[in-house]
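# Report on the structure
Spelled out, the chains give:
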Amino acid sequence: MERFRMIFQYFQSNTESVMNGICGLLALASVKIYTSFDFSCPCLPRYNMAYGLGVMFIPPVTLFFCGLILNRQSLVMLEEWSRPQGSRKKDLAVIRYMCSSIMQRAMVAPIVWIIVTLLDGKCLICAFSGSVDPEKFVGFANTTPVQVQQLLAKVPCKDDELMRNNTSRKAVSRYLRCWSQALGWSILLILIVAAFLARWLRPCFNQVTLLQARHWSNYIDIEQKIFEETCCEHSRQFAHKCILHFFESMRQEIKQHSFRLPREGEGAEREEDLLWGITNQDEVNKLLKMWYYQKPPLNV
Amino acid sequence: MDKFRMIFQFLQSNQESFMNGICGIMALASAQMYSAFDFNCPCLPHYNLAYGLGILLVPPFILFLLGFVLNNNVSMLAEEWRRPQGHRGKDPAVLRYMFCSMAQRAMIAPVVWVSVTLLDGKCITCAFCTSVPVETLGNTSHPGFSQGEMKRVLARIPCKEIYDGQELIANEVAVRYLRCISQALGWCFVLLMTTLAFLVRSLRPCFTQAVFLKSRYWSHYIDIERKLFDETCAEHARSFARVCIQQFFEGMSTDLAAARCHPPRKTPADAGEAAEKLLGITDQSTMNSVLKSWHRCKPPLHLHQPALPSSNGWAQQEHPPAHSPVPRREMAAYYSRV
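Note that the structure is predicted; figures quoted are calculated from it, not measured.

## Comments concerning the overall build of chain A
A tally of helices and strands in chain A yields eleven helices and zero strands. When the helices and strands of chain A are listed from N to C terminus, the series reads α-α-α-α-α-α-α-α-α-α-α. Relative to a compact globule of 300 residues, whose C-alpha radius of gyration would be 19 Å, chain A shows 34 Å and is clearly more extended. Counting all 300 residues of chain A, 39% fall into the buried class. Long-range pairs, those at least 24 residues apart, make up 75% of the contacts in chain A with a sequence separation of at least 6. Put simply, chain A shows about 17,800 Å² of open surface, and 63% of that area lies on carbon and sulfur atoms. Of the charged side chains in chain A, 34 are positive and 27 negative; the average position of the first set lies 10 Å away from that of the second.

Structure (structure tokens):
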């Protein structure tokens, strides 16, 4: 009983910390992927915007799905949502609570990616270099519109032969990076303020419902784990009985066919138990053949 | 029994995490292998496509097969698939479940390889450099290149040191273009795989939960049954070997004593454990004969009944089971205590 209680407490505390750990790992992984990803802007008029915005938004969607997949609780929630009512009522508040906690954790890695992208600036420079007003920059003011587009599109590529020593390129780049970083910091500030407010103000609204929902969502999770463990235990016992029956039936068969006299003595009995009356090579081979060709029925 | 159960639960809970661990290690290994691999584009018109696509597609296939090889449950699946029906019906849902779970784990390393390859860009650059749109990116007005010449020049794009078509199309422009396409493909591939995985995982509880629970239970059962059967057979083999060897020693001791025409030395009732363990062999020459006989003439795999203590001293002859054709040993154990 003591052991059971300790295991119970372990599971209770551990699901939350496991999920938080996965969330944190995914956030670190997203930073690592960004730093190891070799960003190379195509520097062509229409491709820049697609590439820049693609790199900024597609990986976060992927990270969001990964966050949902790696979270065990999302399966539990889906099962609870789709199960037939049966004898147990379904509480929508519990499902909503689970859904919101899963979404919050899954959103962390995508937000980290977007913020890192904005603070670094390369994506925005690549995407919006063609949309900058050329009049503001000396080097691009006196050229035809088509040429301006071509030149502006090459701004993200420092090593391009046209842009190598162009000071206006640096000006445009700095301008866009400034906007990008401002946007990044603003988004970070807004999110942190929102999280702070949500956490502080939550106890003022529906605290009882929240406590109940949290309790029952933990309960559903633990119940499922224990059900799986009990099934494992049961299948082990089932298999044990099945194999005992099989060996016993082999022993009966051999007893019928042979004329062995019963052995006497306690030591002999113990040994015989372990031998199951199978005492020569042919009998062993027959047992193994029967096991393959005619597995016993699943009926103990 | 308690200890056994705890160990068992540990293994059971741990096998899933063990398999997931192998999966993760293979994914990391595939990323590491790619970065350690020295990619060398041949820079020749037809070879580029073959090399590039080969590097993109052949290693994932190998990694997929390796994922199956490293999975212990493959032999279990094959055994369950091939066994004759006998008294126990076969459930195709269980086989499908086992195969699907193995295939899903084996897919991870190949997907990682393809993603890393596409995001890096070297393969696509090498494979498709001859298909770069020169009209939009370069100077088509540049004369003097026939179709074949142009292909030959474009094929050298990945090899910067020998590229000689700078007037036709700048090397950096072409490389940037190809790399952009490759990375776009890579991210789309990653998004597609993740979406598929998410759909598979989230639609299952909505549609086939009962069948899933059944298949999972029976596939665990088959695994556990196989392990328990192996353990029971191992226990049986141990007992068989122990009795066989004991009978060999006893047989040898009585044979040798009979050959020397004195009766077998009976261990007195109060001799103690050590004396019993000697099994009647108490001198060097006897031991040497035993060892020689063990090497030259191992006993048959046929345990016989021990001699029953009867008043007139006649030993019990073996009763061979009706269906056993094992030949008897030449030196039969017999006594005469008349």
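Still to come is the rest of the account.
## Topic: the nonpolar core
Membership of the largest hydrophobic core comes to 20 residues, with the highest contact counts inside it found for Phe37(A), Phe39(A), Tyr51(A), Val55(A), Trp113(A) and Trp187(B). If you list the elements that add at least two residues to this core, you get helix H1 (2-36), helix H2 (47-70), helix H4 (92-120) and helix H5 (122-128) of chain A together with helix H8 (171-207) of chain B. The greatest single-element share of this core, amounting to four residues, is contributed by H2(A).

## Here we look at the side chain of Ser293(B)
Inspection of the secondary structure assignment puts Ser293(B) in helix H11 (residues 284-296). With near-sequence residues (within four places) excluded, Ser293(B) lies in contact with Phe248(B), Met252(B) and Lys298(B).

## Quick word on the UniProt feature "transmembrane region" (unreviewed entry) in chain B
All names here are of chain B. Feature annotation in UniProt assigns "transmembrane region" (unreviewed entry) to the following positions: residues 21-37, 49-70 and 184-203. Annotated as residues 21-37, this span is 94% helix and 0% strand, and its ends, taken at the C-alpha atoms, are 24 Å apart. For residues 49-70, the helix share is 95%, the strand share is 0%, and the end-to-end C-alpha distance is 32 Å.

## What about helix H2 (residues 47-69) of chain B?
Residues and elements named next belong to chain B. With 23 residues, H2 extends 32 Å between its outermost C-alpha atoms, agreeing within 8% with the 33 Å of an ideal straight helix rising 1.5 Å per residue. At glycine 54, H2 shows its largest kink, close to 35°. For H2, the set of buried residues is Asn48, Gly52, Ile55, Leu56, Pro59, Pro60, Leu63, Gly67 and Phe68.

## Things to note about the UniProt feature "transmembrane region" (unreviewed entry) in chain A
In the numbering used here, UniProt assigns the feature "transmembrane region" (unreviewed entry) to residues 21-37, 49-70, 106-130 and 182-201 of chain A. A helix fraction of 88% and a strand fraction of 0% characterise residues 106-130 of chain A, whose end C-alpha atoms lie 34 Å from each other.

## Considerations on the interface of chain A and chain B
Counting from both sides, the interface comprises 70 residues of chain A and, opposite them, 69 residues of chain B. Regarding the contact of chain A and chain B, the summed buried area is about 6,700 Å², with carbon and sulfur atoms giving 67% of it. On the chain A side of the contact with chain B, Ile69(A), Arg236(A) and Lys295(A) bury the most area, a combined 10% of that side's loss. Our count for the chain A to chain B interface comes out at two salt bridges. Across the salt bridge formed by Arg216(B) and Glu228(A), the nearest N and O atoms sit 3.4 Å from each other. At the boundary of chain A with chain B, the tally comes to 16 residue pairs in polar contact (both at pLDDT 80 or more). Those elements that provide at least two residues to the side of chain A that touches chain B are H1, H2, helix H3 (72-82), helix H9 (207-257), helix H10 (266-275) and helix H11 (281-293) of chain A.

## What to know about the state of the cysteines
Evaluated as defined, the whole model comprises four disulfides over all chains. One disulfide in the model links Cys43(A) with Cys157(A); its S-S distance is 1.7 Å. For the disulfide bridge between Cys43(A) and Cys157(A), the dihedral angle about the S-S bond is near 100°, and by the sign convention the bridge is right-handed. In this pair, Cys43(A) sits in the loop between H1 and H2 while Cys157(A) sits in the loop between helix H7 (145-153) and helix H8 (167-201), placing the two residues 114 residues apart along the sequence. Each of the two residues, Cys43(A) as well as Cys157(A), counts as buried. With a sulfur-sulfur separation of 1.7 Å, Cys43(B) is cross-linked through a disulfide to Cys159(B). The S-S bond linking Cys43(B) to Cys159(B) shows a torsion near 90°; that makes this disulfide right-handed. Pair noted here: Cys43(B) is in the loop between helix H1 (2-36) and H2 and Cys159(B) is in the loop between helix H7 (147-154) and H8, with a separation of 116 residues, a long-range link. The burial state of Cys43(B) is the same as that of Cys159(B); both residues are buried.

## Structural notes on the packing of aromatic side chains
Throughout the structure, instances matching the rule amount to 28 aromatic pairs over all chains. When the centroid spacing of 5.7 Å and the interplanar angle of 40° are considered together, the rings of Phe196(A) and Trp200(A) count as tilted. Here Phe196(A) and its partner Trp200(A) are both found in helix H8, four residues apart, which amounts to about one turn of the helix. The partly exposed category is assigned to Phe196(A), whose relative accessible area is 49%. Residue classification places Trp200(A) among the exposed positions, given a relative accessible area of 60%. Taken together, a centroid distance of 5.4 Å and an interplanar angle of 90° make the contact between Tyr34(B) and Trp113(B) edge-to-face.

## Comments concerning the pattern of salt bridges
Opposite charge on two side chains permits them to pair, given that their charged atoms come into close proximity. All names here are of chain A. Tallied over the entire structure, the rule returns 16 salt bridges over all chains. Close ionic contact of lysine 122 with aspartate 120 constitutes a salt bridge, the shortest N to O distance being 3.5 Å. Classification of aspartate 120 by relative accessible area gives partly exposed; the value is 25%. Linked by salt bridges that have partners in common, Arg72, Asp221 and Lys225 make up one network.

## Here we look at the packing of H2(A) against H4(A)
All names here are of chain A. Running from amino to carboxyl end, H2 crosses H4 at an angle of 155°, the nearest separation of the two axes being 8 Å. One finds that H2 runs roughly antiparallel with respect to H4. Remark: the crossing between H2 and H4 carries right-handed chirality. Side by side, H2 and H4 meet where Val55, Met56, Phe57, Pro59, Pro60, Leu63, Phe64, Gly67 and Leu68 of the first sit next to Ile102, Met103, Ala106, Met107, Ala109, Pro110, Trp113, Ile114, Thr117 and Leu118 of the second. Partitioned by chemical class, the residues of the contact of H2 with H4 number 17 nonpolar, two polar and no charged.

Reading the values: rules and limits
All residue numbers refer to position in the chain's written sequence, counted from 1. Each chain takes a letter, starting from A, and each ligand takes a number, starting from 1, following the order in which they are written. Side-chain atom pairs in this predicted model are given and counted only at pLDDT of 80 or more, local residue features only at pLDDT of at least 70, and totals for whole chains, interfaces and linings cover all residues. Calculation of side-chain values draws on the structure's entire complement of heavy atoms; hydrogens and water are dropped beforehand. Only DSSP runs of H or I covering at least 4 residues are called helices, and only runs of E covering at least 2 are called strands; the numbering of each starts at the N terminus. As a reference, a globule follows 2.2 Å times the number of residues to the power 0.38, and the radius of gyration itself is taken over C-alpha atoms. We call a residue buried when its accessible area falls under 20% of the maximum for its residue type, exposed when it is over 50%, and partly exposed in between, using a 1.4 Å probe and counting protein chains only. We call two residues in contact whenever any of their non-hydrogen atoms come within 4.5 Å of each other. The protein chains shown are the only cover counted for residues, whose accessible areas, like all others here, come from Shrake-Rupley with a 1.4 Å probe. Charged residues are defined narrowly, with Lys and Arg counted positive, Asp and Glu counted negative, and His plus the chain ends left uncounted. By convention, charge coordinates are those of NZ in Lys, CZ in Arg, CG in Asp, or CD in Glu. In this description, a nonpolar core means a group of buried Ala, Val, Leu, Ile, Met, Phe, Trp, Tyr and Cys residues linked to one another through side-chain atoms lying within 4.5 Å. UniProt positions are given in the numbering used here, feature names are shortened, and annotations may be inferred rather than shown by experiment. Residue count minus one, scaled by 1.5 Å, sets the expected span of a helix. Consider a residue and the seven residues that end there alongside the seven that start there; fitting an axis to each set, the bend is the angle between those axes. Take the accessible area each of two parts loses on contact, using a 1.4 Å probe, and add the two losses: that sum is the buried area. Here, a salt bridge means any side-chain nitrogen of Lys or Arg that lies within 4 Å of a carboxyl oxygen of Asp or Glu. We define a polar contact as two N or O atoms separated by no more than 3.5 Å, with the added condition that, inside protein, one atom must be a possible hydrogen donor and the other a possible acceptor, whereas residues neighbouring each other in sequence contribute only through side-chain atom pairs. Note on terminology: disulfide denotes any pair of cysteine sulfur atoms within 2.5 Å. Pairing of aromatic side chains requires ring centres within 6.5 Å, counting the rings of Phe and Tyr and the six-membered ring of Trp. Pairs whose planes differ by under 30 degrees are stacked, by over 60 edge-to-face, and all others tilted. To define axes, lines are fitted to C-alpha atoms, for helices over the stretch in contact only, and angles between the resulting N-to-C directions are given on a 0 to 180 degree scale. What sets the label is the angle itself: under 35 degrees gives roughly parallel, over 145 gives roughly antiparallel, 65 to 115 gives roughly perpendicular, and the rest give oblique. Crossing handedness follows the turn of the near helix against the far one: under a right angle anticlockwise gives a left-handed crossing, and clockwise gives a right-handed one. Three classes are used, and their members are as follows: Ala, Val, Leu, Ile, Met, Phe, Trp, Tyr, Cys and Pro are nonpolar, Asp, Glu, Lys and Arg are charged, and the others, Gly among them, are polar.

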